[in-house]
Amino acid sequence: MTVPELLDLVGIFVFALSGALMGVRKRLDVVGMAVLAEMTALGGGVVRDLILNVRPAAFQSVGYVLVPLAATVIVFFWHPHVARVMPAILVFDAAGLGLFCAVGTLKALEYGLSPLHATLLGVTTGVGGGMLRDVLAGEIPTLLYDRQLYAVPALLGSAMMAELSTLGLHGWPATLASAVVAFGLRVAAMRFKLRAPLARGVPPSE
Amino acid sequence: MTVPELLDLVGIFVFALSGALMGVRKRLDVVGMAVLAEMTALGGGVVRDLILNVRPAAFQSVGYVLVPLAATVIVFFWHPHVARVMPAILVFDAAGLGLFCAVGTLKALEYGLSPLHATLLGVTTGVGGGMLRDVLAGEIPTLLYDRQLYAVPALLGSAMMAELSTLGLHGWPATLASAVVAFGLRVAAMRFKLRAPLARGVPPSE
Amino acid sequence: MTVPELLDLVGIFVFALSGALMGVRKRLDVVGMAVLAEMTALGGGVVRDLILNVRPAAFQSVGYVLVPLAATVIVFFWHPHVARVMPAILVFDAAGLGLFCAVGTLKALEYGLSPLHATLLGVTTGVGGGMLRDVLAGEIPTLLYDRQLYAVPALLGSAMMAELSTLGLHGWPATLASAVVAFGLRVAAMRFKLRAPLARGVPPSE
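Residues numbered from 1 in each chain as written. Chains lettered and ligands numbered in written order. Predicted model: local features only at pLDDT ≥ 70, side-chain atom pairs only at ≥ 80, totals over all residues. Heavy atoms only, no water.

Re the relation of the copies chain A and chain C
Heads up, the condition is: Only residues with pLDDT of at least 70 in both copies count here: their C-alpha atoms drive the least-squares fit that superposes the copies. Should any heavy atoms of two residues lie within 4.5 Å, those residues are counted as being in contact.
When chain A is fitted to chain C, the best match, at an RMSD of 0.0 Å, comes from turning it 120° and sliding it 0.0 Å along the axis. Such values leave the two copies arranged in the relation of a three-fold axis. By residue overlap, the copies meet through two different surfaces: only 10% of the interface positions of chain A are interface positions in chain C.

Regarding the UniProt feature "domain: Glycine transporter" (unreviewed entry) in chain A
The test is simple: UniProt positions are given in the numbering used here, feature names are shortened, and annotations may be inferred rather than shown by experiment. In this text, helices come from DSSP runs of H or I with a minimum length of four residues, and strands from runs of E with a minimum of two, each type numbered from the N-terminal end.
The feature "domain: Glycine transporter" (unreviewed entry), as annotated in UniProt, sits at residues 6-79 and 91-162 of chain A in this numbering. Spanning residues 91-162 of chain A, this segment combines 81% helix with 0% strand, and its end C-alpha atoms are found 24 Å apart.

Quick word on the nonpolar core
Threshold: Here, nonpolar core means buried Ala, Val, Leu, Ile, Met, Phe, Trp, Tyr and Cys residues that are tied together by side-chain atoms lying within 4.5 Å of each other. When accessible area is computed with a 1.4 Å probe and restricted to protein chains, residues below 20% of their type maximum are described as buried, those above 50% as exposed, and intermediate ones as partly exposed.
Core analysis: the largest hydrophobic core is formed by 196 residues, its most contacted members being A:Val75, A:Val127, B:Val75, B:Val127, C:Val75 and C:Val127. For B:Val127, the residues in contact, after removing those within four places along its chain, are B:Leu97, B:Leu143, B:Tyr150 and B:Ala154.

So, helix α1 (residues 3-25) of chain C
Short version of the rule: Multiplying 1.5 Å by the helix residue count minus one yields the expected span of that helix.
With 23 residues, α1(C) extends 33 Å between its outermost C-alpha atoms, agreeing within 8% with the 33 Å of an ideal straight helix rising 1.5 Å per residue. Following α1(C) by one or two positions, C:Arg27 has its phi on the positive side, about 55°.

Focus: the interface of chain A and chain B
To keep things clear, this is the line we draw: Polar contacts, as counted here, are pairs of nitrogen or oxygen atoms within 3.5 Å of one another; within protein the pair requires one atom able to donate a hydrogen and one able to accept it, and residues that are adjacent in sequence qualify only if both atoms are side-chain atoms. Polar here means any residue outside two lists: the nonpolar Ala, Val, Leu, Ile, Met, Phe, Trp, Tyr, Cys and Pro, and the charged Asp, Glu, Lys and Arg; Gly therefore counts as polar.
Contacts between chain A and chain B engage 31 residues on the former and 32 residues on the latter. Where chain A touches chain B, the interface holds eleven residue pairs in polar contact (both at pLDDT 80 or more). Mapped onto the side of chain A that touches chain B, the elements with two or more residues apiece are α2 (30-52), α5 (115-136), α6 (142-145) and α7 (151-166) of chain A. At six residues, α5(A) tops the list of elements feeding residues into the side of chain A that touches chain B. When the residues that make up the side of chain A that touches chain B are grouped by side-chain class, the tally is 24 nonpolar, four polar and three charged.

Thoughts on the relation of the copies chain A and chain B
The two copies are related by a screw operation: chain A maps onto chain B through 120° of rotation and 0.0 Å of translation along the axis, at an RMSD of 0.0 Å. The residues that chain A uses at the interface reappear at the interface of chain B in only 10% of cases, marking distinct surfaces.

What about the interface of chain A and chain C?
Under the convention used in this document: Put simply, buried area is the surface a 1.4 Å probe can reach on two separate parts but cannot reach once they are joined, added for both. Each salt bridge in this description consists of a side-chain nitrogen of Lys or Arg and a carboxyl oxygen of Asp or Glu lying within 4 Å of one another.
Facing 31 residues of chain A, the contacting portion of chain C comprises 31 residues. When the buried surface of chain A facing chain C is broken down by residue, A:Arg27, A:Arg55 and A:Phe59 rank first, second and third, together holding 29% of it. For the pair chain A and chain C, the number of links is zero salt bridges. Between chain A and chain C we count eleven residue pairs in polar contact (both at pLDDT 80 or more) in total. When residues of the side of chain A that touches chain C are traced back to their parent elements, those giving at least two are α2, α3 (62-84) and α5 of chain A. Ranked by the residues each element gives to the side of chain A that touches chain C, the list is headed by α2(A), at eight residues. Among the residues making up the side of chain A that touches chain C, the classes are represented as 21 nonpolar, six polar and four charged.

Some remarks on unusual backbone geometry
For A:Asn53, which is not a glycine, the phi torsion comes out positive at approximately 65°. Mapped onto the elements of the fold, A:Asn53 is located in the loop between α2 and α3.

Structure representation (structure tokens):
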């Protein structure tokens, strides 16, 4: 297993943790936890591959299916501990977001999409699973209203990947650099509480 | 740019307006507005193309991606004005519905679907984006319960397109005629408050 | 029409009944009832075929489209009677679940998926339509929280089909045996009120 593949599985694992934890929060049973874990971890990539018109990677890799189940087991037995280390998980989640965006953009470019569309699909890869998780849990996707910068780092990381690739840099250094940029922006947004604006004249909720 | 292409972008624009306005109504941030605008405008066509097993048109056209962003910007700054011209927007929305149904049906026929299935996919093209918008905004799709005739004009316009095409008429006159029929029925339904029935014995809500 | 094809349409019909009944329960109009009937009956198979990257079977068969409409008409006029025979419908629903899982798994294997992934896709075929129905009706999918064993019989039936096929048994006897196992487990789960566990320490709702 190469370092990129390992990082990919770490991203899958962290996304799956957030899905299974949502299951606990909504008092779902173990089946619901497992479904949310799988959907959160794999949903973005599956949507990307459907749009690219190729068989989804999640249905060709054993690890992609089993890692979310492992996350479900961990959350099932030790969810209070997992919830307690949430701040650390959010950092890993930011890393997963960065990686998924960069890898998703690159795959889209390899299949012939324009840099604009590859960027869009990179963002989809990064945020799609979390949106599916929220919809299935009966909530409006956090991404749409919570004003945290989550999609914006994803967008910048994906756009950087598309730009570097256009300049001839498709290797792992470029992918990692793009992932790190998205990761850094996401962590900075959490730390400094940067917020997306509401439409002009709409008063904030709080 | 041909007239049909221009009409198509107008349809995209109007659908995107309704998505971005839903974002304002639900107090989403600018990211949520843009996501809803893109999903409303492009969702129906993307689902159609996934089912036809071809790469979605939305991921090959620059205009399809940028026009919804333009709609988002307009709604972001001037949403009270946009909401005020809602009656006019609903007329454009009816035009977009008619056009999307006719074009969607035709594309499905070109890819070898039967007239029945092409009609179904034409309707999907017309109403799919709005359904996605409502689900993401945490609401039951309006289409399912509001008793307004929206799906029925879509169905008749799509069926007419399929019928004309079976008779050998696939050109733009036939497409426009089908779109106009769906448009006219939709406008008539709004004007005369035609309503879809509830199941026998179910009392109306109001 | 062969016996398997007939059984398939019976499964479609029963799933569609549950969709249309959900429409009545949520006071949707006839359009909403028809959309839910079609989505519940066809959704799982469409998702399976999208992932297999083939044109969905639902868009190639006339019966698959018309049978849910027939179910809608029946529920529209006689929903109190249909609701009264619900226990019988649930038995047919269990049969449909078993059949969809076995057939879905087999199709996935034929398209080259591994037994693990084919099992996952078999479960998706069986439960996907019901999940779509619940999301469109504005509810958290029953499957995720109601602790009834529904996904577990689906999983065992699909896994058995994958195992038998790996052993060289792909014929209809093996498919029916797998379907019967899932059906029997589902009926036993209803009869003996077997329940899926909640995460450790989460108190049950009732």
